[in-house]
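Topology and contacts: notes
Spelled out from the first residue to the last, the chains are:
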Amino acid sequence: MTRLIFLGPPGSGKGTQAKTLADGWRIPHISTGDILRQALKEQTPLGVEAQSYMDRGELVPDKLVEDMVAERLSHPDTNSGWLLDGFPRTVNQASFLEQLLDKLAHRGVKVINLEVPDDVVVERLLERGRKDDTEEVIRRRLEVYRNETAPLINYYSDRLILLKVNGNQSQEEVTDEIKKVIAS
Ligand SMILES: Nc1ncnc2c1ncn2[C@@H]1O[C@H](COP(=O)(O)OP(=O)(O)OP(=O)(O)O)[C@@H](O)[C@H]1O
Ligand SMILES: Nc1ncnc2c1ncn2[C@@H]1O[C@H](COP(=O)(O)O)[C@@H](O)[C@H]1O
(Lines give C-alpha, C1' and ligand atoms only; values in the text may rest on other atoms or scores of the structure.)
(Ligands and ions follow the chains in the order given, each with its own letter.)
Protein backbone atom coordinates (compact mmCIF):
# COMPACT_ATOMS: atom_id res chain seq x y z
CA MET A 1 0.00 0.00 0.00
CA THR A 2 1.59 3.26 -1.12
CA ARG A 3 0.65 6.52 0.56
CA LEU A 4 2.97 9.39 -0.31
CA ILE A 5 3.01 13.10 0.35
CA PHE A 6 5.08 15.19 -2.09
CA LEU A 7 6.90 18.17 -0.62
CA GLY A 8 9.15 20.61 -2.42
CA PRO A 9 9.23 24.17 -3.75
CA PRO A 10 7.05 25.25 -6.67
CA GLY A 11 8.52 23.74 -9.84
CA SER A 12 10.39 20.96 -8.06
CA GLY A 13 8.47 18.33 -10.05
CA LYS A 14 5.85 17.20 -7.51
CA GLY A 15 3.04 17.10 -10.07
CA THR A 16 5.20 15.47 -12.75
CA GLN A 17 6.41 12.70 -10.45
CA ALA A 18 3.08 12.16 -8.70
CA LYS A 19 1.29 11.75 -12.04
CA THR A 20 3.83 9.29 -13.45
CA LEU A 21 3.85 7.16 -10.31
CA ALA A 22 0.07 7.28 -9.78
CA ASP A 23 -0.53 6.18 -13.39
CA GLY A 24 1.95 3.32 -12.98
CA TRP A 25 0.60 2.17 -9.65
CA ARG A 26 -3.06 2.85 -10.56
CA ILE A 27 -3.75 4.87 -7.45
CA PRO A 28 -5.25 8.37 -7.18
CA HIS A 29 -3.04 11.42 -7.68
CA ILE A 30 -4.61 14.08 -5.48
CA SER A 31 -3.38 17.55 -6.41
CA THR A 32 -4.99 20.40 -4.48
CA GLY A 33 -3.77 22.85 -7.15
CA ASP A 34 -5.50 20.79 -9.90
CA ILE A 35 -8.73 20.55 -7.89
CA LEU A 36 -8.69 24.32 -7.32
CA ARG A 37 -7.93 25.06 -10.99
CA GLN A 38 -10.84 22.82 -12.03
CA ALA A 39 -13.14 24.61 -9.56
CA LEU A 40 -11.97 27.91 -11.01
CA LYS A 41 -12.70 26.74 -14.56
CA GLU A 42 -16.20 25.69 -13.51
CA GLN A 43 -16.64 28.92 -11.51
CA THR A 44 -17.93 27.01 -8.46
CA PRO A 45 -18.14 29.01 -5.20
CA LEU A 46 -14.87 27.37 -4.12
CA GLY A 47 -13.18 28.36 -7.38
CA VAL A 48 -14.45 31.92 -7.18
CA GLU A 49 -13.20 32.27 -3.60
CA ALA A 50 -9.81 30.72 -4.38
CA GLN A 51 -9.07 32.75 -7.52
CA SER A 52 -7.60 35.92 -6.05
CA TYR A 53 -5.26 33.96 -3.76
CA MET A 54 -4.05 31.76 -6.61
CA ASP A 55 -3.52 34.68 -8.98
CA ARG A 56 -1.32 36.40 -6.38
CA GLY A 57 0.63 33.25 -5.45
CA GLU A 58 -0.83 33.29 -1.94
CA LEU A 59 -2.15 30.25 -0.11
CA VAL A 60 -5.89 29.67 -0.17
CA PRO A 61 -7.24 29.62 3.43
CA ASP A 62 -6.53 26.32 5.23
CA LYS A 63 -10.18 25.48 5.86
CA LEU A 64 -11.05 25.49 2.13
CA VAL A 65 -8.30 23.06 1.14
CA GLU A 66 -8.72 20.92 4.25
CA ASP A 67 -12.41 20.35 3.42
CA MET A 68 -11.47 19.51 -0.16
CA VAL A 69 -8.87 16.95 0.89
CA ALA A 70 -11.14 15.39 3.53
CA GLU A 71 -13.83 14.98 0.89
CA ARG A 72 -11.42 13.49 -1.67
CA LEU A 73 -9.82 11.06 0.78
CA SER A 74 -13.28 9.80 1.78
CA HIS A 75 -13.74 8.26 -1.70
CA PRO A 76 -13.29 4.46 -1.75
CA ASP A 77 -10.65 4.61 -4.52
CA THR A 78 -8.17 5.92 -1.94
CA ASN A 79 -8.31 2.60 -0.07
CA SER A 80 -5.73 1.20 -2.51
CA GLY A 81 -3.28 4.04 -1.77
CA TRP A 82 -2.81 7.66 -2.87
CA LEU A 83 -0.31 10.36 -3.72
CA LEU A 84 -0.85 13.83 -2.28
CA ASP A 85 0.67 16.69 -4.29
CA GLY A 86 0.51 20.28 -2.99
CA PHE A 87 -1.01 19.39 0.37
CA PRO A 88 -0.18 19.96 3.17
CA ARG A 89 1.40 23.38 2.68
CA THR A 90 1.23 24.73 6.26
CA VAL A 91 1.85 23.22 9.68
CA ASN A 92 -1.89 23.65 10.39
CA GLN A 93 -2.76 21.63 7.31
CA ALA A 94 -0.23 18.96 8.30
CA SER A 95 -1.73 18.61 11.73
CA PHE A 96 -5.23 18.47 10.20
CA LEU A 97 -4.05 15.73 7.83
CA GLU A 98 -2.48 13.75 10.64
CA GLN A 99 -5.80 13.65 12.49
CA LEU A 100 -7.75 12.87 9.33
CA LEU A 101 -5.48 9.95 8.39
CA ASP A 102 -5.73 8.66 11.92
CA LYS A 103 -9.54 8.66 11.70
CA LEU A 104 -9.41 6.95 8.28
CA ALA A 105 -6.83 4.45 9.60
CA HIS A 106 -4.54 5.30 6.66
CA ARG A 107 -1.14 4.29 7.99
CA GLY A 108 2.42 3.99 6.69
CA VAL A 109 2.52 7.43 5.07
CA LYS A 110 5.89 8.57 3.73
CA VAL A 111 6.93 12.05 2.63
CA ILE A 112 9.09 12.66 -0.43
CA ASN A 113 10.99 15.94 -0.27
CA LEU A 114 12.10 16.95 -3.77
CA GLU A 115 15.25 19.06 -3.48
CA VAL A 116 15.89 21.50 -6.35
CA PRO A 117 17.87 24.79 -6.22
CA ASP A 118 15.92 28.07 -6.54
CA ASP A 119 17.49 29.13 -9.86
CA VAL A 120 16.48 25.81 -11.44
CA VAL A 121 12.85 25.98 -10.26
CA VAL A 122 12.49 29.58 -11.49
CA GLU A 123 13.81 28.59 -14.91
CA ARG A 124 11.42 25.60 -15.07
CA LEU A 125 8.37 27.63 -14.02
CA LEU A 126 9.04 30.43 -16.51
CA GLU A 127 9.14 27.77 -19.21
CA ARG A 128 5.99 26.01 -17.93
CA GLY A 129 4.04 29.24 -18.42
CA ARG A 130 0.95 28.59 -16.28
CA LYS A 131 -1.15 31.69 -15.46
CA ASP A 132 0.64 31.99 -12.09
CA ASP A 133 4.09 31.42 -13.63
CA THR A 134 4.98 35.10 -14.09
CA GLU A 135 8.20 36.39 -12.52
CA GLU A 136 6.38 38.37 -9.84
CA VAL A 137 4.01 35.57 -8.81
CA ILE A 138 6.81 32.98 -8.86
CA ARG A 139 8.81 35.20 -6.47
CA ARG A 140 5.83 35.39 -4.11
CA ARG A 141 5.18 31.63 -4.31
CA LEU A 142 8.80 30.93 -3.40
CA GLU A 143 8.55 33.31 -0.45
CA VAL A 144 5.32 31.66 0.73
CA TYR A 145 6.99 28.27 0.31
CA ARG A 146 9.95 29.33 2.49
CA ASN A 147 7.78 30.88 5.21
CA GLU A 148 4.82 28.50 5.35
CA THR A 149 5.73 25.18 3.72
CA ALA A 150 9.46 24.62 4.33
CA PRO A 151 8.84 24.17 8.10
CA LEU A 152 7.12 20.90 7.14
CA ILE A 153 10.55 19.44 6.35
CA ASN A 154 11.38 19.47 10.06
CA TYR A 155 7.81 18.52 10.97
CA TYR A 156 8.05 15.28 8.98
CA SER A 157 11.71 14.71 9.71
CA ASP A 158 10.86 14.76 13.45
CA ARG A 159 8.24 12.08 12.73
CA LEU A 160 10.92 10.01 10.93
CA ILE A 161 8.93 9.73 7.70
CA LEU A 162 10.81 12.23 5.52
CA LEU A 163 12.69 10.88 2.50
CA LYS A 164 14.98 13.25 0.58
CA VAL A 165 15.22 12.97 -3.20
CA ASN A 166 17.42 14.93 -5.60
CA GLY A 167 14.88 16.57 -7.90
CA ASN A 168 17.59 18.19 -10.00
CA GLN A 169 18.13 15.31 -12.41
CA SER A 170 16.15 13.92 -15.34
CA GLN A 171 12.50 13.05 -14.72
CA GLU A 172 13.27 9.35 -15.16
CA GLU A 173 16.17 9.51 -12.69
CA VAL A 174 13.95 11.27 -10.13
CA THR A 175 11.25 8.59 -10.56
CA ASP A 176 13.85 5.83 -10.08
CA GLU A 177 15.26 7.50 -6.96
CA ILE A 178 11.77 7.86 -5.44
CA LYS A 179 11.09 4.15 -6.06
CA LYS A 180 14.45 3.30 -4.49
CA VAL A 181 14.04 5.40 -1.32
CA ILE A 182 10.52 4.19 -0.58
CA ALA A 183 11.67 0.57 -0.92
CA SER A 184 14.66 0.97 1.44
N1 LIG B 1 13.30 16.45 -13.51
C2 LIG B 1 12.91 17.49 -14.27
N3 LIG B 1 13.78 18.09 -15.09
C4 LIG B 1 13.40 19.15 -15.86
N5 LIG B 1 12.16 19.68 -15.88
C6 LIG B 1 11.26 19.11 -15.07
C7 LIG B 1 11.58 18.00 -14.22
N8 LIG B 1 10.46 17.66 -13.52
C9 LIG B 1 9.50 18.52 -13.90
N10 LIG B 1 9.97 19.39 -14.84
C11 LIG B 1 9.24 20.48 -15.49
O12 LIG B 1 9.23 21.56 -14.56
C13 LIG B 1 7.97 22.21 -14.53
C14 LIG B 1 7.42 22.14 -13.12
O15 LIG B 1 7.12 20.78 -12.79
P16 LIG B 1 5.83 20.41 -11.95
O17 LIG B 1 4.65 21.13 -12.48
O18 LIG B 1 5.76 18.93 -11.86
O19 LIG B 1 6.28 21.02 -10.53
P20 LIG B 1 5.46 21.19 -9.19
O21 LIG B 1 6.40 20.94 -8.08
O22 LIG B 1 4.22 20.36 -9.26
O23 LIG B 1 5.10 22.75 -9.28
P24 LIG B 1 3.93 23.58 -8.58
O25 LIG B 1 4.06 23.38 -7.11
O26 LIG B 1 4.21 24.99 -9.01
O27 LIG B 1 2.63 23.05 -9.15
C28 LIG B 1 7.10 21.50 -15.58
O29 LIG B 1 7.11 22.24 -16.77
C30 LIG B 1 7.79 20.14 -15.76
O31 LIG B 1 7.59 19.62 -17.05
N1 LIG C 1 -2.52 23.03 0.18
C2 LIG C 1 -2.80 24.28 -0.26
N3 LIG C 1 -3.03 25.29 0.62
C4 LIG C 1 -3.31 26.53 0.20
N5 LIG C 1 -3.35 26.88 -1.10
C6 LIG C 1 -3.14 25.91 -2.01
C7 LIG C 1 -2.85 24.57 -1.65
N8 LIG C 1 -2.68 23.83 -2.76
C9 LIG C 1 -2.82 24.67 -3.80
N10 LIG C 1 -3.08 25.93 -3.35
C11 LIG C 1 -3.32 27.14 -4.17
O12 LIG C 1 -3.26 26.80 -5.54
C13 LIG C 1 -2.12 27.38 -6.18
C14 LIG C 1 -1.52 26.42 -7.19
O15 LIG C 1 -1.11 25.23 -6.51
P16 LIG C 1 -0.02 24.22 -7.16
O17 LIG C 1 0.19 23.15 -6.16
O18 LIG C 1 1.22 25.03 -7.40
O19 LIG C 1 -0.61 23.71 -8.43
C20 LIG C 1 -1.18 27.80 -5.02
O21 LIG C 1 -0.34 28.87 -5.34
C22 LIG C 1 -2.23 28.19 -3.95
O23 LIG C 1 -2.78 29.44 -4.25
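Here the residue numbering is sequential within each chain, running from 1 through the sequence in written order. Going through the entries in the order they are written, you letter the chains from A and number the ligands from 1. Only residues with pLDDT of at least 70 are given local features in this predicted model, and only at 80 or more are side-chain atom pairs given and counted; all residues enter the totals for whole chains, interfaces and linings. Processing note: side-chain calculations cover all non-hydrogen atoms of the structure and skip hydrogens and water entirely.

**Structural notes on the pairing of strand β4 (residues 110-115)**
On any regular strand, side chains alternate: one points to one face of the sheet, the next to the other face. Judged from the four bridges that link them, strand β1 (residues 2-7) and β4 form a sheet pairing that is parallel. Considered in β4, the bridge of leucine 4 is made with lysine 110. Pairing analysis gives five bridges linking β4 to strand β5 (residues 162-166), with the strands arranged parallel. Bridge pairing links glutamate 115 to asparagine 166 in β5. At least two DSSP bridges between two strands are needed for those strands to be called paired. Every helix listed is a DSSP run of H or I at least four residues long, and every strand listed is a run of E at least two residues long, numbered separately from the N terminus.

**Digging into the site of ligand 2**
Being near a molecule or strand, for a residue, comes down to having at least one heavy atom within 4 Å of it. The full set close to ligand 2 counts 14 residues, and Thr32, Arg37, Glu58, Gly86 and Gln93 are the nearest of them. Contact distances for ligand 2 include 2.8 Å between a nitrogen atom and a side-chain N or O atom of threonine 32. Distance and chemistry together define a polar contact, namely a pair of N or O atoms within 3.5 Å, with one atom able to donate a hydrogen and the other to accept it when in protein, and with adjacent residues in sequence counting only for side-chain atoms on both sides. Between ligand 2 and glutamate 58, the relevant distance is 2.6 Å, taken from an oxygen atom to a main-chain nitrogen or oxygen of the residue. Points on a 1 Å grid, built from protein atoms alone, make a cavity when a 1.4 Å probe fits but cannot get out and make a pocket when they are open with protein on both sides within 12 Å along at least 5 of 7 lines; residues with an atom within 4 Å of a point are the lining residues. Cavities and pockets are treated as containing a molecule whenever more than half of the molecule's atoms lie within 2 Å of their grid points. Among the detected pockets, ligand 2 sits in the largest pocket. With four residues, helix α2 (residues 32-41) is the single largest residue contributor to the shell around ligand 2. Residue classes in the shell around ligand 2 are distributed as six nonpolar, four polar and four charged. Three classes are used, and their members are as follows: Ala, Val, Leu, Ile, Met, Phe, Trp, Tyr, Cys and Pro are nonpolar, Asp, Glu, Lys and Arg are charged, and the others, Gly among them, are polar.

**Focus: the UniProt feature "binding site: ATP" (unreviewed entry) in the chain**
UniProt positions are given in the numbering used here, feature names are shortened, and annotations may be inferred rather than shown by experiment. Under the present numbering, the feature "binding site: ATP" (unreviewed entry) in UniProt falls on Gly11, Ser12, Gly13, Lys14, Gly15, Thr16, Arg128 and Gln169. If you take the residues mentioned a moment ago, the ones lining the largest pocket come down to Gly11, Ser12, Gly13, Lys14, Gly15, Thr16, Arg128 and Gln169. In this view, lysine 14 contacts Phe6, Leu7, Gly8, Pro9, Asp85 and Leu114; residues no more than four positions away in its chain are not counted. Here the side chain of lysine 14 touches proline 9 through a polar contact of 3.0 Å, landing on its backbone oxygen. In what follows, residue pairs with any heavy atoms lying within 4.5 Å of each other are defined as contacts. Setting aside residues no more than four positions away along its own chain, glutamine 169 makes contact with Arg124, Val174 and Glu177. Separated by 2.8 Å, the side chain of glutamine 169 and the backbone oxygen of asparagine 166 make a polar contact.

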